[in-house]
Amino acid sequence: MKRSVTLRGETFHFADLRELMARANEPKAGDRLAGIAANSERERVAAKMALAEVPLSGFLDEPLLEDDVTGLIVDSLDREEFEKLRSLTVGELRELVLSSNFAAEWQRGVRDALTPEIVAATARIMSARDLISAAAPLRSVTRCRNTMGERGVLGVRIQPNHPTDDIAGVVLSALDGLMFGCGDAVIGVNPAGDAIENVVALEHALQDLIGAVGAPAQSCVLAHFTTQLAALERGAPVDLLFQSIGGTEATNVGFGVTLQGLAEGREAVLASHATRDGFIGDNVMYFETGQGTALSVDGHGGIDQLTCEARAYGVARAFDPFLVNSVVGFIGPEYLADATEIIRAGLEDHFMGKLLGLPMGIDICYTNHVEANQDTTDQLLVLLATAGCNFVMGVPGSDDVMLNYQSTSYHDAAGVRELVGARPAPEFAAWLEQTGIFADGQLAEGSANGPESLQAFAESVKELGR
Amino acid sequence: MSADLPDTLRGAVDVGGDVSNVTPARLLIGRTGTAYRTSTQLQLRADHAFAKDALNATFSLDESPMKELVKRFDLFEVTSEAASREEYLARPDKGRRLEAGVAETLRENCLSGVDLQVVIGDGLSPLAVSSQVPSLLGPLLDHAATRGWSVGRPFVVRNCRVGVMNDIGEALDAQNVVLLIGERPGLATAESLSAYLAHRPRTGDTDAQRNLVSNIHPAGVAAEDAVWRILGLVDAFVIQGRSGFMVKESARPTSLSEASGR
């Protein structure tokens, strides 16, 4: 493998694939914090040039880390498909991915021949438009109580968080989201408290709401997966099993997660679904990730944050998830410093997830200690909608009053659907028409417009129930 | 009018225009097209401006309300390895370590091996500390003493990250450490405090070995409820001999209406 590049008389050496990958990455605060980033823009470009010449076989010959995540990635690779690609270089793969008829080849089997490391390498020699144009044709369709991910569908998670998990507050927030046409991806609340009784109460409240309005939607309470499983054992309705995951074994240990535990949890939820009505598919997992998480728990093992993120998708892929999203600006400026880094990371994560075959959504967000603002989320939202992102978040007024950060709002989600001509999931779209929230595929004039709209919606639901 | 609706919907409709009774979230705020009303748009900008300012707020142990705590609990302060707010934001690793020599300072000024050591960290919102800690610290230490626990001398860590609990555990060998730390400022409130709890924290411990009571502020978890939840978790640590994700809280957080009724 080529370890050095000379650029206008200056020669750059790279010790190994791990160093080459890190140096080739676009600027990220987390890589600087870890001390592995390129030392100059010249070195960054030199690393990209060297990386573009690495054959795909090089990534199997030189694992970046020995752990159970690497084991999972290697085991799940389609060897037969990989043999057809092994001599391609990263640079040639970029061109293949961007070629006109790639989606068909990808669908046929190429997606199973790509490892997270290969995908992460390719992303770092792509421009922002490359990342958007390459992702757009790749569709990952999943089913739970509705169908997510078809071409032209942009799903929305309702995120009705509350600082004390007050049921009335959570339900009212979710209803507000439904009136904007949000909630097809999931009505998913992050609990303020991880007590089992608390999770049980929230699971029942969300399920009661879904039952009362008759929406073909799934609920989720985003507690630690062991808490959700304890709630399930107590009879709580668990539609989707959520967990935050990382791309190294050490990161997952930091999250209290094992691959075996996730597999057993998935089986338990599938078994419970078999005893309940309304499920049209067996995608039952919901994973969240984000660049920088591995470093934040000191579990990165010297690997750059883009590669760690891709490896997290490798974990997710093994469990046939319904939803995966990268919470792209959540953990602070030490990992993604500003608007430029957040936007780049959002486009990279979406592309990498899609290329690996995941139902990829993005929580487009920022915290108040990052150099970003609502214009940043507006910009990334429009970019990702054109990239065919599976789903985004809907947070009332963009202000998460429990997690203390800003994401995309119910308004934003409804607005970007109109802007790019995207629809909700088909089953959910039909329900929106029935209840009068939508009229002819658009948000109806009387919907989502204050307390009177809520009264009208409730009456409409009551009529439908008759 | 809403009497014959399902319970779930009736409750929501009855709340009607009085959203703030049940949540600080921005609900039923109207729209123009799919955009915010102008008042919403400008209010969001104002709240963001205040949240940015809260990051760089500060408190002094020589001034109210902290000086009263100094008088009553003999509070003193130390710092992490992060020397400035800028370094604190860019280098979380430094915020997780006590400055050189501080371990010795702690051993000279605090009892080792106590049942409960309370630590106060500025975190991302010093404003949260000066707003919430004065009503929390007294009841917490009083109730701990009532339980018969030995209680250490509390102190403040400046430029503090949660991981500093490990160094404190190493320095003082406390059975249980509770860190009261300012959360990152949000739009609805910039004064939210978290309590991180760990049983015998040591170098290398992560969040998997810690428990959390978050959202401690007047519109969230009331100070009194936070005290009971912290004590309940420490009880569980003592019984189970561990802390972290395997230790689950036994009660759900109190709702807003319940909290305000006390």
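Residues numbered from 1 in each chain as written. Chains lettered and ligands numbered in written order. Predicted model: local features only at pLDDT ≥ 70, side-chain atom pairs only at ≥ 80, totals over all residues.

With respect to the overall build of chain A
Line of reasoning, step 1. Along its length, chain A carries 22 helices and 16 strands.
Line of reasoning, step 2. For chain A, whose C-alpha radius of gyration is 22 Å, the value lies close to the compact-globule estimate of 23 Å for 466 residues.
Line of reasoning, step 3. Based on the C-alpha atoms only, the size of chain A along its principal axes is roughly 75 × 45 × 45 Å.
Line of reasoning, step 4. When each of the 466 residues of chain A is scored for burial, the buried share is 62%.
Line of reasoning, step 5. When contacts within chain A are restricted to residue pairs at least 6 apart in sequence, those whose partners lie at least 24 apart make up 78%. (Helix = DSSP H or I, 4+ residues; strand = E, 2+ residues; numbered from the N terminus. Rg over C-alpha atoms; globule rule 2.2 N^0.38 Å. Buried ≥ 20, exposed ≤ 12 C-beta atoms within 10 Å, placed from the backbone. Contact = placed C-beta atoms within 7 Å.)

Quick word on the overall build of chain B
Line of reasoning, step 1. What chain B contains, in helices and strands, is 10 helices and 6 strands.
Line of reasoning, step 2. Out of the 262 residues in chain B, the part that is buried amounts to 51%.
Line of reasoning, step 3. Long-range contacts, defined here as pairs at least 24 residues apart, represent 68% of the contacts in chain B between residues at least 6 apart.

Observations concerning the domain arrangement of chain A
All names here are of chain A.
Line of reasoning, step 1. By domain assignment, chain A separates into domain 1 (3-135) and domain 2 (142-443).
Line of reasoning, step 2. In this complex, domain 1 contributes 35 residues to the contact, which on the side of domain 2 involves 42 residues.
Line of reasoning, step 3. Within the residue set of the side of domain 1 that touches domain 2, elements represented by two or more residues are helix 1 (17-24), helix 2 (29-33), helix 5 (68-75), helix 9 (116-123) and helix 10 (128-135).
Line of reasoning, step 4. Here the residues of the side of domain 1 that touches domain 2 are counted per class, giving 23 nonpolar, 3 polar and 9 charged. (Domains from an automatic or database assignment. Nonpolar A, V, L, I, M, F, W, Y, C, P; charged D, E, K, R; others polar.)

Focus on the sheet that holds strand 1 (residues 76-79) of chain B
Residue and element names in this part refer to chain B.
Line of reasoning, step 1. With mixed pairing, 6 strands are arranged side by side in an open sheet as 1-3-2-4-5-6. Two strands close off the open sheet at either side, each with one partner strand: strand 1 and strand 6 (210-216). Taking the axes of each pair of neighbouring strands and ignoring which way they run, one obtains an average angle of 25° across the sheet.
Line of reasoning, step 2. Here strand 2 (residues 116-121) runs beside strand 3 (residues 155-158); their pairing, made up of 3 bridges, is parallel. By the bridge assignment, V119 is partnered in strand 3 with F155. (Pairing = 2+ DSSP bridges. Axes fitted to C-alpha atoms, helices over the stretch in contact; angles between N-to-C directions.)

Some remarks on the packing of helix 18 (residues 339-355) of chain A against helix 19 (residues 374-386) of chain A
Residue and element names in this part refer to chain A.
Line of reasoning, step 1. Orientation of helix 18 relative to helix 19, taken along the N-to-C sense of each, is 25°, at an axis distance of 10 Å. Classified by the angle between their axes, helix 18 and helix 19 sit roughly parallel to one another. The handedness of the crossing between helix 18 and helix 19 comes out as right-handed. Contact with helix 18, carried on its side by A339, I342, I343, G346, L347 and H350, involves T376, Q379, L380, L383 and L384 of helix 19 and no other residues of that element. (Parallel < 35°, antiparallel > 145°, perpendicular 65-115°, else oblique. Left-handed = near helix turned anticlockwise from the far one by under 90°.)

Digging into the interface of chain B and chain A
Line of reasoning, step 1. The partner chain A presents 62 residues to the 63 residues of chain B that form the contact.
Line of reasoning, step 2. Among the secondary structure elements, those contributing two or more residues to the side of chain B that touches chain A are helix 1 (7-15), helix 2 (38-55), helix 4 (85-90), strand 6 and helix 10 (256-260) of chain B.
Line of reasoning, step 3. For the side of chain B that touches chain A, the residue count by class is 33 nonpolar, 19 polar and 11 charged.

Examining the environment of A:N368
Line of reasoning, step 1. Topologically, A:N368 is positioned in the loop between strand 11 (360-363) and helix 19.
Line of reasoning, step 2. Along the backbone, A:N368 and A:G332 are 36 residues apart, and their C-alpha atoms lie at a distance of 8.6 Å.
Line of reasoning, step 3. Discounting residues that sit within four places of it in the chain, A:N368 has contacts with B:H48, B:A51, B:K52, B:L55, B:R184, B:P185 and B:G186.

Structural notes on helix 7 (residues 90-97) of chain A
Residue and element names in this part refer to chain A.
Line of reasoning, step 1. Residues of helix 7 that are buried: V90, L93, R94 and V97. Across the axial projection of helix 7, the buried residues extend over an arc of 105°, all falling on one side.
Line of reasoning, step 2. Elements that come into contact with the buried residues of helix 7 comprise helix 3 (41-52), helix 8 (102-108), helix 9, helix 10 and helix 18. (Arc of directions from axis to C-beta.)

Let's talk about the environment of A:L356
All names here are of chain A.
Line of reasoning, step 1. Take L356: it is sitting in the loop between helix 18 and strand 11.
Line of reasoning, step 2. The exposure class assigned to L356 is buried, which follows from the 24 C-beta atoms found within 10 Å.
Line of reasoning, step 3. Separated by 42 residues in sequence, L356 and G314 have C-alpha atoms that sit 7.7 Å apart.
Line of reasoning, step 4. The contact partners of L356, leaving out residues within four places of it in the chain, are R111, L114, P116, V119, Y313 and R317.

Details of helix 3 of chain A
Line of reasoning, step 1. For helix 3 of chain A, which comprises 12 residues, the first-to-last C-alpha distance of 17 Å matches the rise-based estimate of 16 Å (1.5 Å per residue) to within 8%.
Line of reasoning, step 2. Those residues of helix 3 of chain A lying buried are A:A46, A:A47, A:K48, A:A50 and A:L51. (Expected span 1.5 Å × (residues − 1).)

Thoughts on the packing of helix 1 of chain A against helix 3 of chain A
Residue and element names in this part refer to chain A.
Line of reasoning, step 1. It is the contact of helix 1 with helix 3, at a shortest axis distance of 7 Å, that shows an interaxial angle of 125°. The angle between helix 1 and helix 3 falls in the class oblique. Crossing geometry of helix 1 relative to helix 3 is assigned as left-handed. Every residue of helix 3 that contacts helix 1 at L20, M21, R23 and A24 is listed here: E43, R44, A47, K48, A50 and L51.

Side note on the pairing of strand 3 of chain B
Within a regular strand, side chains alternate between the sheet's two faces.
Residues and elements named next belong to chain B.
Line of reasoning, step 1. Here strand 3 shows a buried face lined by F155 and V157 and a second buried face lined by V156 and R158.
Line of reasoning, step 2. As defined by bridge partners, strand 1 adjoins strand 3 across 4 bridges and the pair is classed as parallel. For E77, the partnering residue across the bridge sits in strand 3 and is V156.
Line of reasoning, step 3. As for the winding sense of the linkage, the β-α-β connection from strand 2 through helix 7 (residues 126-146) to strand 3 is right-handed. (Right-handed = clockwise from strand over helix to strand, strands pointing away.)

A short note on the confidence of the model for chain B
Residues and elements named next belong to chain B.
Line of reasoning, step 1. Residue-level pLDDT values for chain B average 91, and 94% of them are 70 or greater.
Line of reasoning, step 2. Segment residues 253-262: pLDDT under 50, and 19 contacts once partners within four positions in sequence are set aside and those in other chains are kept.
Line of reasoning, step 3. The ipTM assigned to the predicted complex is 0.95, against a pTM of 0.91. (pLDDT = per-residue confidence, 0-100.)

Focus on the environment of A:T367
Line of reasoning, step 1. Within the element layout of this structure, A:T367 appears in the loop between strand 11 and helix 19.
Line of reasoning, step 2. We classify A:T367 as buried; it has 22 C-beta atoms within 10 Å.
Line of reasoning, step 3. Here the alpha-carbon distance between A:T367 and A:Q406, two residues 39 residues apart in the chain, equals 6.3 Å.
Line of reasoning, step 4. For A:T367, the contacting residues outside a window of four places in its chain are A:G329, A:F330, A:G332, A:Y405 and B:R184.

So, unusual backbone geometry
Line of reasoning, step 1. The amide bond that connects B:S64 to the next residue, B:P65, takes the cis arrangement and shows omega of 0°.
Line of reasoning, step 2. Tracing the chain through its elements places B:P65 in the loop between helix 2 and helix 3 (66-73).
Line of reasoning, step 3. Phi is positive for A:D165, which is not a glycine, with a value near 60°.
Line of reasoning, step 4. Looking at where A:D165 falls in the secondary structure, it is placed in the loop between strand 5 (155-158) and helix 11 (167-178).
Line of reasoning, step 5. Of note in this structure, A:D440 is not a glycine but carries a positive phi near 55°.
Line of reasoning, step 6. Position of A:D440 relative to the elements: it lies in the loop between strand 15 (438-439) and strand 16 (442-443).
Line of reasoning, step 7. Overall, the presence of 6 C-beta atoms within 10 Å leaves A:D440 in the exposed class.

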